[in-house]
Amino acid sequence: MILDLDIGNTLSKWRLKDAESSEIRSRGAVWTREEWRPGADIPNLDVVEAVRISSVARAAVLEETVALLRRQVRQVYVARSTVEALGVVNGYEEPGRLGVDRWMGALAGYQLAGGCCAVDCGSAITIDFVLPGGVHLGGFIVPGLRLMKESLKLGTRNVAIDPESETDALLEPGRRTVDAVNHGIYMAAVSAINRIYSEVCDQQGIALPVLLTGGDARVISRGVQVPHAVWPDMVYGGLEASFPLTFAERAGKMSGAPGVLEPVSLEKIRASLAFSMLL
Ligand SMILES: Nc1ncnc2c1ncn2[C@@H]1O[C@H](COP(=O)(O)OP(=O)(O)O)[C@@H](O)[C@H]1O
Ligand SMILES: CC(C)(COP(=O)(O)O)[C@@H](O)C(=O)NCCC(=O)O
Ligand SMILES: [K+]
């Protein structure tokens, strides 16, 4: 089995992948904390022959996690943000400072779609752009839904946006605090994504396919106007592409990768941008 770990600021996600068949056997998530408890937090390591890790937690958390895993697993691969990988050139002035989850998402998106806009809706919402030639432009970082809500300190933190609620209802003015907050932060997130996407496509003169991942991807997806695909395993896709271990991975297959959507035309993107500026 291969253990893939995606340690975010809020949640540490894991999945077990069959090294032979490439099937995903199980998955889970625990709150990101200082210390891993084998058994309770992570699956039984007896069956694990290799681990691949993407972590944006404090360096000490990663170091301890790796030390713990190395005691039982021979192959431990830790992803790093590099100057260049898999045809993508990192857009950061200091490439190592780009969050490695963003880098993994950008690599996966590029493998799948060529140029792309990779959006990760987690503790933060990150929006990264890669051009068809592999130039990563850099990106945008916005607080995620939960962080925005908590920062208001209005006692609404425990009432999440109902992922089933009608998108139209989320766009109405709230008539109680919890709705005013939920509708407000939802609008802040989706308006930022829609606008940033249009601005960058306009600047670069190209309509890019959009890919969404992260804990809030599904609910945010409903407010993203341009065609896009939700790919929950996008960060894992970057790990698969960076450290291919199975037969399917060596052939370039990433688990759960969506069919790539045709982006809307650049003319339409520019028209919507011009329209929003006229209003
Ligand atoms: N069951 C859940 N438990 C915790 N957070 C959830 C859950 N479902 C959705 N979320 C949202 O997903 C976010 C965490 O998403 P994730 O992509 O794992 O973040 P990170 O990578 O920053 O840890 C939370 O901030 C919250 O808004
Ligand atoms: C921006 C992030 C906090 C997002 O992390 P997440 O929401 O996935 O937990 C993370 O990618 C990070 O710590 N990045 C380093 C700073 C940067 O990318 O510029
Ligand atoms: K994120």
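Per chain, residues are indexed from 1 in the order of the written sequence. Chains carry letters and ligands carry numbers; both start at the beginning, A for chains and 1 for ligands, and go up in the order they are written. At least 70 in pLDDT is required for a residue's local features to be given in this predicted model, at least 80 for side-chain atom pairs to be given and counted, and no such filter applies to totals for whole chains, interfaces and linings, which use all residues. Only heavy atoms go into the side-chain values, all of them from the structure, while hydrogens and water stay out.

The name an unreviewed UniProt entry gives the protein is Type III pantothenate kinase, with Vreelandella andesensis as the organism. UniProt positions are given in the numbering used here, feature names are shortened, and annotations may be inferred rather than shown by experiment. According to its UniProt record, the protein has this under Catalytic activity (unreviewed entry): "(R)-pantothenate + ATP = (R)-4'-phosphopantothenate + ADP + H(+)". The annotation that UniProt attaches to the protein under Subcellular location (unreviewed entry) is "Cytoplasm".

Turning next to the UniProt feature "binding site: substrate" (unreviewed entry) in the protein. The UniProt record annotates "binding site: substrate" (unreviewed entry) at Tyr92, Gly99, Val100, Asp101, Arg102 and Thr177. What stands out for the annotated residues spanning 86 residues is how far apart their C-alpha atoms range, the widest pair being 39.4 Å apart. The helix count covers DSSP runs of H or I at least four residues long, the strand count covers runs of E at least two residues long, and both are numbered beginning at the N terminus. Mapped onto the elements of the fold, glycine 99 is located in the loop between strand S7 (88-89) and helix H2 (100-113). Residue exposure (1.4 Å probe, protein chains only): buried if accessible area is under 20% of the type maximum, exposed if over 50%, otherwise partly exposed. By relative accessible area, which is 21% here, glycine 99 ends up partly exposed. When near neighbours in sequence (up to four residues on either side) are disregarded, aspartate 101 contacts Ser54, Val56, Asp120 and Val235. Any two residues whose heavy atoms approach within 4.5 Å at even a single point are treated as in contact.

This next bit is on the site of ligand 1. Any residue with a heavy atom positioned within 4 Å of a molecule or strand is treated as near that molecule or strand. Gly8, Asn9, Thr10, Leu11, Lys13, Trp31, Gly122, Ser123, Arg146, Gly214, Gly215 and Asp216 make up every residue found near ligand 1. Polar contacts, as counted here, are pairs of nitrogen or oxygen atoms within 3.5 Å of one another; within protein the pair requires one atom able to donate a hydrogen and one able to accept it, and residues that are adjacent in sequence qualify only if both atoms are side-chain atoms. With respect to ligand 1, the backbone of threonine 10 contributes an N or O atom lying 2.9 Å from an oxygen atom. Note that an oxygen atom of ligand 1 is positioned 2.4 Å from one of the side-chain N or O atoms of serine 123. Taken by itself ligand 1 offers 570 Å² of open surface, and the protein chains cover 73% of this. Where each domain starts and ends follows an automatic or database-derived domain assignment. Residue contributions to the shell around ligand 1 reach at least three from each of two domains, namely domain 1 (2-78) and domain 2 (84-278). Where accessible areas are quoted, they stem from the Shrake-Rupley method and a 1.4 Å probe; at the residue level, only the protein chains shown are allowed to cover.

Once that is clear, we can look at the packing of aromatic side chains. Within a pair of aromatic rings, the relevant descriptors are the distance that separates the centres and the angle that separates the planes. Side-chain rings of Phe, Tyr and Trp (the six-membered ring for Trp) are treated as a pair once their centres are within 6.5 Å; stacked means planes under 30 degrees apart, edge-to-face means over 60, and tilted covers the remaining angles. Overall, the coordinates contain two aromatic pairs when judged by the stated rule. Considering the side-chain rings of phenylalanine 129 and phenylalanine 140, the 6.3 Å spacing of their centres and the 80 degrees angle between planes classify their relative orientation as edge-to-face. Note that phenylalanine 129 is positioned in strand S9 (residues 124-130) and phenylalanine 140 in strand S10 (residues 136-143), a separation of eleven residues in sequence. Take phenylalanine 129: its relative accessible area is 1%, and that puts it in the buried class.

In this section: the nonpolar core. By nonpolar core we mean a set of buried residues, namely Ala, Val, Leu, Ile, Met, Phe, Trp, Tyr and Cys, connected to one another through side-chain atoms within 4.5 Å. Ranked by internal contacts, the top residues of the largest apolar core, which has 33 residues, are Val119, Ile125, Tyr197 and Ile220. Of all the secondary structure elements, the ones that give two or more residues to this core are strand S8 (116-121), S9, helix H3 (145-152), helix H5 (177-204), strand S11 (210-213), helix H6 (217-221) and helix H9 (266-278). It is H5 that provides the largest number of residues to this core, a total of eleven residues. Those residues within four positions of isoleucine 125 in sequence are excluded, and the remaining contacts are Val119, Asp120, Phe140, Ile141, Val142, Pro143, Gly144, Ala189, Ile193 and Ile220. Of all hydrophobic cores here, the second largest spans 22 residues; its members include Val88, Ala108, Val130 and Leu211.

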